[in-house]
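A look at the structure
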Amino acid sequence: MQRDTAIFDLIGKELHRQREGIELIASENFTSAQVIEAMGSCLTNKYAEGLPGKRYYGGCEIVDQVETLAIERIKKLFGAVWANVQPHSGAQANAAVMLACLKPGDKLLGFNLSHGGHLSHGSPVNLSGKIYQPFHYNVEQETGRVDMNKVREIAIKERPKLIICGASAYSRDWDYATFRAIADEVGAVLLADIAHPAGLIAAKLLNDPIPHCHIITTTTHKTLRGPRGGLIMIGKDGENPFGEKTLKGELKSLSAVLDAAVFPGTQGGPLEHVIAAKAVAFGEALTDEFVAYQVQVKKNAHALAEAMTAKDYKIISGGTDNHMMLIDLRNKNISGKQAENALVKADITANKNMVPYDDKSPFVTSGIRLGTPAITTRGMKEKDMAQIAAWIDRLVVDIENEGTIAKVKGEVNEYMKQFPLYEK
Ligand SMILES: *Cc1c(COP(=O)(O)O)cnc(C)c1O
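Residues numbered from 1 in each chain as written. Predicted model: local features only at pLDDT ≥ 70, side-chain atom pairs only at ≥ 80, totals over all residues. Heavy atoms only, no water.

**Quick look at the site of the ligand**
Under the convention used in this document: We define proximity as follows: a residue is near a molecule or strand when any one of its heavy atoms falls within 4 Å of that partner. Within 3.5 Å is the distance limit for a polar contact, defined as a pair of N or O atoms, with the added protein rule that one can donate a hydrogen and the other accept it, and that residues adjacent in sequence qualify only through two side-chain atoms. Per-residue and other accessible areas were derived by the Shrake-Rupley procedure at a 1.4 Å probe size, with only the shown protein chains allowed to occlude residues. Helix and strand definitions follow DSSP, with helices as H or I runs of at least four residues and strands as E runs of at least two, each counted in order from the N terminus. Note on residue categories: nonpolar means Ala, Val, Leu, Ile, Met, Phe, Trp, Tyr, Cys or Pro, charged means Asp, Glu, Lys or Arg, and polar means any other residue, Gly included.
Residues in contact with the ligand amount to 14 residues; listed here are only the nearest, Gly-90, Ala-91, Ser-168, Asp-193 and Lys-222. Contacts to the ligand include Gly-90, whose backbone N or O atom sits 2.9 Å from an oxygen atom. Alone, the ligand offers 390 Å² of accessible surface; in the complex the protein occludes 86% of this. Element by element, the count of residues in the shell around the ligand is highest for helix 4 (residues 90–101), at three residues. Of the residues belonging to the shell around the ligand, the class tally is three nonpolar, nine polar and two charged.

As structure tokens, then:
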């Protein structure tokens, strides 16, 4: 077969783009070379519907060992008693949890998408909002933070079957213990979706959801720095609260109901090559280097927030506890879309984002979201954050000046040569 130069040339161009630019998208990261190696392996050829030791196909002895290692490592990392590492993505993990916990039309309570929540937490355009009946809590306009009294009020009024805490654009930590008290009060199952801060939680730099939440979902490719994918965990197993019974009429365990909701509930064959890469990433996450990396992610986010604040940028909630921040650009009289465009042209990648109580549409927005996981993997430290803030400000104050954009781009490309990516 002839080599597919059309595709491999494009992959080469993408590697060049990743090397030359400053990656500030809060949900992105750079995996290790061995994570990519595992993902690009012959394991992609194997069908393995079912679970290790209980497959629907022959020849699974080796992938069984791969998947078992992934499960054992993630359980150790988070102190979980059970995990399913097959969800193809974070949204798939959430869909499986909802299938397990809810019947069509049941109520769920999640964080408002336009305040920092996620599409898969009950947005009307997602199956979570089409099949189930969603309600949402917000952040307070004055503080930019979730008020637990308001969460409790909505929960008592609506009595949802499922409550979700977790976000895509929220720079503060979560009070899982209070969420659990509210869930218990109304008889709801509590799901923590830690897709964004999972790596910081694994490194014990943020509150731990495992003792408080019935179910935890996450992606594996954000702060966890693994391949693109998702997973589900629990901290305590026991009879499922949904009344699901076995053929013998006994209540199934919570873990059994969740396993069935992944396969055959929402997915077919697992991606064993990605599961192998997850196992590699979880092994990396169990090292002291990973903890040191997460400490630096948090320090860099703090330094970037300080540097932006010093230039009169308004950070929602006034700062950050984690790896990211949401900046309200309204005092600069530009939209998130304009800022994103100018930054991207200068090889600084960030995404426009709605801010709470935004008066602009999701395609325009008043905000921009910045995160430090990827640049910290590149080796950046606090002093580099001041430089990044200076470039962002030069672009924002001169938003349509192509000369400024070209000049900043040149400086960025030169600067990034200090931080090699996938050189061997
Ligand atoms: C990123 C994210 C997801 C979805 O992850 P995908 O892998 O893109 O499906 C789910 N929940 C939250 C809170 C997220 O930030």
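Additional details are given in the paragraphs that follow.
**Observations concerning the sheet that holds strand 15 (residues 367–371)**
Stated formally: Strands are treated as partners if at least two bridges between them are detected by DSSP. Contact between two residues is taken to exist if any of their heavy atoms lie within 4.5 Å; hydrogens are not considered. The convention used is that axes are lines fitted to C-alpha atoms, helices contributing only their stretch in contact, and that angles between N-to-C directions extend from 0 to 180 degrees.
Read across the sheet, four strands follow the order 11-12-15-14 without closing on themselves; strand pairing throughout is antiparallel. Looking along the sheet, the strands with just one partner apiece sit at the ends: strand 11 (314–315) and strand 14 (351–353). Judged from the two bridges that link them, strand 11 and strand 12 (residues 324–328) form a sheet pairing that is antiparallel. Among the inter-strand pairings, Ile-315 is bridged to a residue of strand 12, identified as Ile-327. Sheet strands in contact with helix 11 (residues 288–310) are strand 11, strand 12 and strand 15, and its direction is about 15 degrees off that of strand 12.

**Remarks on empty space enclosed by the protein**
To keep it simple, the criterion reads: Think of a 1 Å grid over the protein atoms and nothing else: a 1.4 Å probe that fits but is trapped marks a cavity, an open set flanked by protein within 12 Å on at least five of seven lines marks a pocket, and residues with an atom within 4 Å of a point count as lining. Grid points are joined across faces, edges and corners, and a volume is the space filled by probe spheres set on the points.
For the coordinates displayed, the defined rule picks out four cavities of 30 Å³ or more. Considering only enclosed or pocket space, the largest cavity measures out at about 70 Å³ in volume. Lining of the largest cavity is provided by Cys-165, Gly-166, Ala-167, Tyr-170, Trp-174, Tyr-176, Asp-193, Ile-194, His-196, Pro-197, Asn-322 and His-323.

**Re the packing of helix 4 against helix 9 (residues 254–266)**
Selection criterion: Note on terminology: angles under 35 degrees are roughly parallel, angles over 145 are roughly antiparallel, angles of 65 to 115 are roughly perpendicular, and the others are oblique. Helix crossings are classified by the rotation of the near helix relative to the far one: an anticlockwise turn of less than a right angle makes the crossing left-handed, while a clockwise turn makes it right-handed.
Viewed as axis vectors pointing N to C, helix 4 and helix 9 meet at an angle of 115 degrees, and their least axial separation amounts to 8 Å. Here helix 9 runs roughly perpendicular to helix 4, going by the angle between their axes. As for how helix 4 packs across helix 9, the hand of that crossing is right-handed. Taken together, the residues of helix 9 that come into contact with helix 4 (itself represented by Gln-92, Ala-95, Ala-96, Val-97, Leu-99 and Ala-100) are Val-257, Leu-258, Ala-261, Val-262, Gly-265 and Thr-266. Taken together, the residues of the contact of helix 4 with helix 9 sort by class into nine nonpolar, three polar and no charged.

**Structural notes on the nonpolar core**
Stated formally: Definition of nonpolar core: a set of buried residues of the types Ala, Val, Leu, Ile, Met, Phe, Trp, Tyr and Cys, connected through side-chain atoms within 4.5 Å. Residue burial is assigned from relative accessible area. The probe radius is 1.4 Å, only protein chains are included, and a residue is buried under 20% of its type maximum, exposed over 50%, and partly exposed in between.
One finds Phe-78, Ile-163 and Trp-174 to be the most contacted residues of the largest nonpolar core, which totals 60 residues. Among the elements that make up this core, the one with the highest residue count is helix 10 (residues 272–285) (eight residues). Those residues in contact with Trp-174 that lie beyond four places of it in its chain are Phe-111, Tyr-137, Val-146, Cys-165, Gly-166, Ala-167, Phe-179 and Asn-207.

**Thoughts on the pairing of strand 7 (residues 162–165)**
Our working definition: Note on handedness: a clockwise path from strand one over the helix to strand two, with the strands aimed away from the viewer, defines a right-handed crossover.
Here strand 7 shows a buried face lined by Leu-162 and Ile-164 and a second buried face lined by Ile-163 and Cys-165. Summarising the sheet, strand 5 (residues 107–111) and strand 7 pair through two bridges and their orientation is parallel. Within the sheet, the bridge partner assigned to Leu-109 lies in strand 7 and is Ile-163. Pairing of strand 7 with strand 8 (residues 189–193) involves four bridges; the strand directions are parallel. By the bridge assignment, Ile-163 is partnered in strand 8 with Leu-190. For the crossover from strand 7 across helix 7 (residues 176–186) to strand 8, the handedness is right-handed.

**Remarks on the pairing of strand 15**
By the criterion of burial, strand 15 is predominantly enclosed, with five of the five residues buried. Burial along strand 15 is two-sided: Gly-367, Arg-369 and Gly-371 facing one way and Ile-368 and Leu-370 facing the other are all buried. Here strand 12 pairs with strand 15 via five bridges, running antiparallel. Looking across to strand 15, one finds that Asp-328 is bridged to Gly-367.

**Description of the side chain of Thr-320**
Along the chain, the position of Thr-320 falls in the loop between strand 11 and strand 12. A polar side-chain atom of Thr-320 sits 2.7 Å from the main-chain carbonyl oxygen of Met-324. Not counting residues up to four positions away in its chain, the partners in contact with Thr-320 are Ser-171, Arg-172, Ala-301, His-302 and Ala-305.

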